[in-house]
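Below are the chains, spelled out letter by letter.
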Amino acid sequence: MKEIKPYTLAVFSENTVGIINLISIVYTRRSISVESISASPTAIPGIYKTTVLSYSDRETMEKVVAQIEKAIYVVKAYLFTDDEIVHQEVALYKVPTVKLMDEPELEHIIRKHNARILEITHDYTVLEKTGHTDETEALFKELQQYDIRQFVRSGRVCVTKDPVEHVSVFLAQRDKINGITN
């Protein structure tokens, strides 16, 4: 029996229209559900990182990496387990301000979960919690009794625990092979 566990895929690519669609098609063809996806620029000019969290087995995920790397605009893709990365997500919660003013326990919950207040209006208060999924979910469950109006959680963002950025090393080696100097 293949062990199903969380895998984080980091896809480094050019900022090209359709790159997320290309990634999602590979997942769809293999019947793998995407738990979260996020994309952003990296420290390397012109290179963007798409981070995908899913649950599967290692063999299947390695095939996903190989297939995604065949795409023309993909520079490199890497597969990580949770113990190889540092990861976080951001969650936002909207609660009625009147509840914050009338329920002293709500302030205690916010402090206990190390959440921040981002905005307070007469009608609502927006809270922010950064952490792992279980942490953002725990705060959500406690806030439900206070008439939570909205809740949203970002996709996973991560960096490796390695001292170097793998894609930087890959690009330097590729440039050396191709005789490109900076």
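Our subject is the structure that appears above.
Residues numbered from 1 in each chain as written. Predicted model: local features only at pLDDT ≥ 70, side-chain atom pairs only at ≥ 80, totals over all residues. Heavy atoms only, no water.

**Things to note about the pairing of strand 4 (residues 74-80)**
Part 1 of the reasoning: Counting buried residues along strand 4, six of its seven residues qualify, which places the element largely inside the surrounding structure.
Part 2 of the reasoning: In terms of strand pairing, strand 1 (residues 5-13) meets strand 4 through six bridges, oriented antiparallel. Bridge pairing in strand 4 links A10 to Y78. (Buried < 20%, exposed > 50% of the residue type's maximum accessible area, 1.4 Å probe, protein only. Helix = DSSP H or I, 4+ residues; strand = E, 2+ residues; numbered from the N terminus. Pairing = 2+ DSSP bridges.)

**Focus: a nonpolar patch on the surface**
Part 1 of the reasoning: Judged by side-chain polarity, V90, L92, L118 and V152 come together as a nonpolar surface patch covering roughly 290 Å² of accessible area.
Part 2 of the reasoning: Checked against the element boundaries, L92 lands in strand 5 (residues 85-96).
Part 3 of the reasoning: For L92, a relative accessible area of 33% puts it in the partly exposed group. (Patch = residues over 30% accessible without salt bridge, like charges linked within 9 Å, V, L, I, M, F, W, Y side chains within 5 Å. Areas by Shrake-Rupley, 256 points an atom, 1.4 Å probe, with all protein chains shown as cover. Salt bridge = Lys/Arg side-chain N within 4 Å of Asp/Glu carboxyl O.)

**Topic: the sheet that holds strand 1**
Part 1 of the reasoning: Reading across the sheet, the four strands line up as 2-3-1-4 and stay open at both edges, with antiparallel pairing between neighbours. In the strand order of this sheet, the two ends are held by strand 2 (34-41) and strand 4, each with one partner. The mean angle between the axes of side-by-side strands here comes to 15°, regardless of whether they run parallel or antiparallel.
Part 2 of the reasoning: Pairing geometry for strand 2 and strand 3 (residues 48-56), over seven bridges, is antiparallel. Bridged to V34 within strand 3 is S54.
Part 3 of the reasoning: The strands touched by helix 1 (residues 19-29) are strand 1, strand 2, strand 3 and strand 4; relative to strand 3, the strand with the most contacts, the crossing angle is about 15°.
Part 4 of the reasoning: Relative to strand 4, helix 2 (residues 58-69) is tilted by about 170°, and along the sheet it contacts strand 1, strand 3 and strand 4. (Axes fitted to C-alpha atoms, helices over the stretch in contact; angles between N-to-C directions. Contact = heavy atoms within 4.5 Å.)

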